[in-house]
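What follows is each chain in one-letter form.
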Amino acid sequence: MADEKTPDEGAAEGMAERTGRWAAELAERVMVNGVGPITGSVTWAEDRLSRRQGADYRAPGDEERRSPEDMKDDIDAVIARLIKESVAAAGTQGFVTGLGGLLTAGVTLPANVAASVAINMRMAGSIAHLRGWDVHDPHVRTVAMMLAIGMSTQNVLAAFGVKVSQKFGQQMIKKIPMAVIHAINKKVGFHLVAKHGTKRAAVTLAKGIPILGGIVGGAVDAGATAVIGRVTDKALRGDALRVEPEDETGTEETK
C-alpha cells in the first residue's frame, strides 16, 4: 500500500518519538524540579532575582510582590544574567555532571548535544517564569522547550496552528488538548533528530571539533545558547508569543 512505511522510515519515526518523549521529560525535570544538585528554572530565576532586589525581594505568592511589569528593569537585568550564566555553563562540567543518566535516556543524541539542550531548557524555563508564564503547565513547557531547542517563533506558532499576526498567550495555550501537545512533542523529536542525529554527530567529530569529556564547549555552542536566550526572551515578553517582521529571515532554527 502507498501509505506503508519502509523499515528505515519506521525506524526514523520511532527514533523521533522516543526523542520527543525524552525532550518532554527533560523539560519537566529541568524546568520544574531540577536534576541532582541543579535547581529547577523557577528556583534559579528567583534566586537571581532575590540577589538583584535584596531587601526589596518578595517571593512568589507574597501579596506584596510586584507584578512583572513593575519589576521590568530588575527582570530585564536578571534575564541578561541568566543568559550569560547559561552561555558559560555550556562549557563547564559542573552543570552536566548533575544531570546524570538523564542525558543517555535511550535516544540517539550524543551526550554533548543533550547537555546543550538541557542547559537551554533550564534557561528558557527561567525566562518564561520571569516573564509571567507558568512552567508547571505542560502547555507552557512545550512552548519553552520548542524555543530552547532552537525552533523559531514562526515554527512554534505554526505547530499550534496560530497565525503569525495573532497574539498567543497562556489562556489560548491552555485550551489546546493534551493530544495536540503530545503531537507537538513528536515534532520536537523530529527536529532534534534531524538537527543533531548520529550522522551529524559523526560529521562533527570528523571535523575535529573538540568535545572535552563529552561536555559542550566552544564558541558555536555558546553562541547558539546566547541566540536562543535572546529569541526566547523576545518571544515570551508580556503574555503573548508573537513574531516581529524582522524575525522572519535567518531564524528558522539556531545553527
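I will try to describe carefully the structure that is included in this document. (Residues numbered from 1 in each chain as written. Predicted model: local features only at pLDDT ≥ 70, side-chain atom pairs only at ≥ 80, totals over all residues. Heavy atoms only, no water.)

## Quick notes on the side chain of Thr 142
Thinking step 1. By the element assignment, Thr 142 lies in helix α6 (residues 138-148).
Thinking step 2. Once residues lying within four places of it in the same chain are set aside, the contact partners of Thr 142 are Phe 160, Ile 181, Ile 184 and Asn 185. (Helix = DSSP H or I, 4+ residues; strand = E, 2+ residues; numbered from the N terminus. Contact = heavy atoms within 4.5 Å.)

## Brief notes about helix α3 (residues 72-89)
Thinking step 1. Helix length check: α3, at 18 residues, gives a terminal C-alpha distance of 25 Å against a target of 26 Å (1.5 Å per residue), a fit within 8%.
Thinking step 2. Those residues of α3 lying buried are Asp 74, Ile 75, Val 78, Ile 79, Leu 82, Ile 83, Ser 86 and Ala 89. Here the buried residues of α3 occupy an arc of 170 degrees about the axis, which is enough to place them on one side. Opposite the buried face of α3, at more than 90 degrees from it, the exposed residues are Asp 73 and Lys 84. (Expected span 1.5 Å × (residues − 1). Buried < 20%, exposed > 50% of the residue type's maximum accessible area, 1.4 Å probe, protein only. Arc of directions from axis to C-beta.)

## Examining the pattern of salt bridges
Thinking step 1. Taken as a whole and assessed by the stated rule, the structure comprises 14 salt bridges.
Thinking step 2. A salt bridge links Arg 48 to Asp 47; its shortest N-O distance comes to 2.2 Å.
Thinking step 3. The residue Asp 74 makes a salt bridge to Arg 52 at a minimum N-O spacing of 3.0 Å. Taken together, the positions of Asp 74 in helix α3 and Arg 52 in helix α2 (residues 41-53) put the pair 22 residues apart, joining distant regions of the chain.
Thinking step 4. In this structure, a network of salt bridges that share partners links the residues Asp 47, Arg 48, Arg 51, Arg 81 and Glu 85. (Salt bridge = Lys/Arg side-chain N within 4 Å of Asp/Glu carboxyl O.)

None of the figures reported here should be taken as evidence of function without further support.
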